[in-house]
Amino acid sequence: MKPKEDEVSTIHNEGTILKGIGAIEIGVGLGILGLLKFRIIRGINLAIRDAIKGRASDPYVVLNVGDQKLKTSVIKNNCNPEWNEERTISIKDVTTPIHLSVYDKDTFSVDDKMGDADIDLKPYIQCVQIMGLNKLPNGSVVMTFQPDETNCLSQESCCIWRNENIVQEMTLGLKNVESGELVVEIEWVDVIGCRGLSHLQF
Ligand SMILES: *[C@@H]1O[C@H](CO)[C@@H](O)[C@H](O)[C@H]1NC(C)=O
């Protein structure tokens, strides 16, 4: 897979944005395997946390992977928010779980929790390793995963061949909360100079 220019040139490192060839060298130096595009599509039936009666929550999502922490914007007064936001994270170790937490933005107090979920990258990575070299018609389903006790899926999840790459679509059931699901997508991006996935074994 050929990474796009802008994806190659930017690697986020503890708040610094490194550009160009320097980023590639540093990518190898830091042991980065590549990048993962993470799209937070929407929330479904999220918990109500607002103190004012009749109002919904003001939800946002926090994404934690190792020492990286990224947030979506806050969507006001909506328990079925549509974010459609993309964040890019660098991956050093595919066994590090991706942790998602949903919060209700409060102006005057600490933000309330609205549940969380973990994503295990390994099934997706294995799918990319197995299917990555095939060229399939756009939109083809290449693999499916069922919800079970080892994942946070609330329905069947598909890996889809889309725009010359494999995307996994997931609906996650939030834990530690009375209700709520998150619809997200992940997409691997190979970066020139990084080690990539082909050498990994599970
Ligand atoms: C592939 O399908 C997606 C929708 O799944 C669409 O947005 C995209 O434009 C299509 N790409 C091509 C190259 O046809």
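Residues numbered from 1 in each chain as written. Predicted model: local features only at pLDDT ≥ 70, side-chain atom pairs only at ≥ 80, totals over all residues.

K.L.:
Outline the sheet that holds strand β4 (residues 59-65), listing residues and values.
P.N.:
Taken in spatial order, the four strands of this open sheet run β5-β4-β7-β8, and their pairing is antiparallel. Of all strands in the sheet, those with a lone pairing partner are β5 (68-71) and β8 (112-119), marking the two edges. Direction aside, the axes of adjacent strands within the sheet are offset by 20° on average. Two elements, β4 and strand β7 (residues 98-104), share six bridges in a ladder whose sense is antiparallel. Directly across from L63, in β7, lies its bridge partner L100. (Pairing = 2+ DSSP bridges. Helix = DSSP H or I, 4+ residues; strand = E, 2+ residues; numbered from the N terminus. Axes fitted to C-alpha atoms, helices over the stretch in contact; angles between N-to-C directions.)

K.L.:
Quick one: what's the story with the pairing of strand β10 (residues 157-162), residue by residue and with numbers?
P.N.:
Where strand β9 (residues 141-145) lies against β10, four bridges are found, and the strand directions are antiparallel. Bridge pairing links T144 to C158 in β10. Bridge count between β10 and strand β11 (residues 165-173): five bridges; the pairing is antiparallel. Directly across from C158, in β11, lies its bridge partner E169.

K.L.:
Explain the sheet that holds β10 residue by residue, including any values.
P.N.:
An order of β6-β3-β12-β11-β10-β9 is seen for the six strands of this open sheet, with the pairing classed as antiparallel. Across the chains shown, the open sheet's two edge strands, defined by having one partner strand only, are β6 (82-91) and β9. For this sheet, the mean angle separating the axes of adjacent strands, direction not counted, is 20°. Set on the sheet, helix α3 (residues 122-131) makes contact with β9, β10, β11 and β12 (181-189); between it and β9 the angle comes to about 155°. (Contact = placed C-beta atoms within 7 Å.)

K.L.:
Let's hear about α3: which residues, and what values?
P.N.:
For α3, the full list of buried residues reads Y124, I125 and V128. Along the long axis of α3, the arc covered by the buried residues comes to 100°, so they all point the same way. On its buried face, α3 sits against β10, β11 and β12. (Buried ≥ 20, exposed ≤ 12 C-beta atoms within 10 Å, placed from the backbone. Arc of directions from axis to C-beta.)

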